[in-house]
Amino acid sequence: MNNRLADLTERVKARLNAIKDPIGGKGLFTSGRVKGLDARADGKVSFTIEAPADVAELYAPVRDRAEAAARSVDGVTSVTAVLTAETTANAPAKSTGGVGRVKQIIAVASAKGGVGKSTVAVNLACAFASLGMKTGLLDLDVYGPSAPTLLGTGAKKPRMREDKLLEPLEAHGLKTMSIGYLVDPSSPMIWRGAMATSAVRQMIDEVVWGDLDVLLLDLPPGTGDVQLTLVQRVPLAGAVIVSTPQEMALADVRRGLAMFEKTRAPILGVIENMAYFETPDGQRTHIFGEGGAKRVAADVGAPFLGEIPIDVALRESCDVGAPLVATQPEHPVSKRFREIAAAALDNAARMNKPAPAIRIK
Ligand code: ADP
């Protein structure tokens, strides 16, 4: 296409986009209603407007307006605008969005906030990637998304394709999506119910996840209905539960385990975060008590995946958006994450054989 034609096409697009889609209120172009826009050297322009089949009559006046708008563009000699009803067969290409080609989806859950669930999720994702797996991280913590900070993606925005599907961002070898990429971080997160649900649906079904070996879901903290609904949306290969060794957290871990029991997703294991602090001379202090998560795992018959110590480098790497596992792979804590990732995968392979999943009494 030569420059003049490209310029003509752009001006027609802009004019069409000034017309609002009766559904959703976006510009006709942005909303994806206009298909097959073609402009010729002799000034002939043609395009199709695809209307949802059930409300196609709403779009007849839109078609007329679009035709007139295109004709008013300098250089356009004639316009053919065709209105078609969109059936399921030619609806936007949903087949390329969603998690259909993801081999296994693993949820990372915690009974309460502040136990390091997101820190663990991000570093575990990097550990999977370092084991050679194509890995995605979906930050579903709609009320407190942390992926933009932890991965250093900051103000970067995912690209929306013409078919309205979103391309996940790429960071540290991961494909990632987060509500934090879609909304202005300075706007208050007063999302409730329906809004959060539709955002979550979009991040699962309308993102081009493509072929992935593993997709990690960073769930909102807690083990209530919100979390249950989320994990029921996708076929889970299993869940890992992050806890600190404190007794209080442990009572909650039991609730977490019970929640996944309802979804029939196997518990791949419990990770004890902030397990101890080690001084440079190798002295360990168990700040939050010793071995609590391990005991609970044993009590309920869930595997124990390992301990992550309280570590300054780990905390600093979170703050600067450079996950430890990706940026300091030789660090002992990075090694620990890789061991935990490998153990979780082993358990997933074992538990997803048609053997019975772990049952919690
Ligand atoms: P959650 O997702 O459970 O709310 P975060 O992952 O956001 O928790 O962690 C809370 C805070 O604790 C963050 O500042 C994080 O850097 C820090 N943190 C988490 N795990 C560790 C650890 N093992 N050592 C040091 N700091 C940690």
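Residues numbered from 1 in each chain as written. Predicted model: local features only at pLDDT ≥ 70, side-chain atom pairs only at ≥ 80, totals over all residues. Heavy atoms only, no water.

## Re the layout of surface pockets
The space that makes up the second largest pocket amounts to roughly 240 Å³. If you trace the second largest pocket, you find 13 residues lining it, with Glu 278, Pro 309, Asp 311, Pro 332 and Val 333 closest to the centre. Listed by contribution, the elements that provide at least two residues to the lining of the second largest pocket are β10 (267-278), β12 (304-310) and α12 (332-351). Sorting elements by how many residues they give to the lining of the second largest pocket places α12 first, with five residues. Considered class by class, the residues forming the lining of the second largest pocket number six nonpolar, one polar and six charged. (1 Å grid on protein atoms, 1.4 Å probe; cavity = no way out; pocket = protein on both sides within 12 Å on 5 of 7 lines; lining within 4 Å. Points joined across faces, edges and corners; volume = space filled by probe spheres on them. Helix = DSSP H or I, 4+ residues; strand = E, 2+ residues; numbered from the N terminus. Nonpolar A, V, L, I, M, F, W, Y, C, P; charged D, E, K, R; others polar.)

## Concerning helix α3 (residues 117-130)
Between the first and last C-alpha of α3 there are 20 Å, a value that for 14 residues agrees with the 20 Å anticipated at 1.5 Å per step. A large share of α3 lies buried, amounting to twelve of its 14 residues. Among all positions in α3, only Lys 117, Ser 118, Thr 119, Val 120, Ala 121, Val 122, Asn 123, Leu 124, Ala 125, Cys 126, Ala 127 and Phe 128 are buried. Two residues or fewer past α3, Gly 132 is found with a positive phi of approximately 90°. (Expected span 1.5 Å × (residues − 1). Buried < 20%, exposed > 50% of the residue type's maximum accessible area, 1.4 Å probe, protein only.)

## As for the pairing of strand β2 (residues 44-52)
Sheet topology note: the strand β1 (residues 34-39)/β2 ladder contains four bridges and is antiparallel. The residue of β2 that forms the bridge with Lys 35 is Thr 48. With antiparallel pairing between neighbouring strands as the criterion, β1 and β2 make up a hairpin whose turn holds four residues, including Gly 43 at a positive phi of roughly 90°. (Pairing = 2+ DSSP bridges.)

## Here's the deal with the pattern of salt bridges
Per the counting criterion, the structure on display carries 19 salt bridges. A salt bridge links Asp 64 to Arg 63; its shortest N-O distance comes to 2.7 Å. Taken together, the shared-partner salt bridges connect Arg 63, Asp 64 and Glu 67 into one network. (Salt bridge = Lys/Arg side-chain N within 4 Å of Asp/Glu carboxyl O.)

## A closer look at the site of the ligand
In the vicinity of the ligand lie 16 residues, with Gly 114, Lys 117, Ser 118, Thr 119 and Pro 309 positioned nearest. Between the ligand and Gly 114, the relevant distance is 2.8 Å, taken from an oxygen atom to a main-chain nitrogen or oxygen of the residue. Between the ligand and Asn 273, the relevant distance is 2.9 Å, taken from a nitrogen atom to a side-chain nitrogen or oxygen of the residue. Starting from 560 Å² of accessible surface for the ligand in isolation, the protein chains cover 77%. For the shell around the ligand, the secondary-structure elements that each account for two or more residues are α3, β10, β12 and α10 (312-319). (Near = heavy atom within 4 Å. Polar contact = N/O pair within 3.5 Å; in protein donor to acceptor, adjacent residues only side chain to side chain. Areas by Shrake-Rupley, 256 points an atom, 1.4 Å probe, with all protein chains shown as cover.)

So far we have only geometry, and geometry alone does not tell us how the molecule works.
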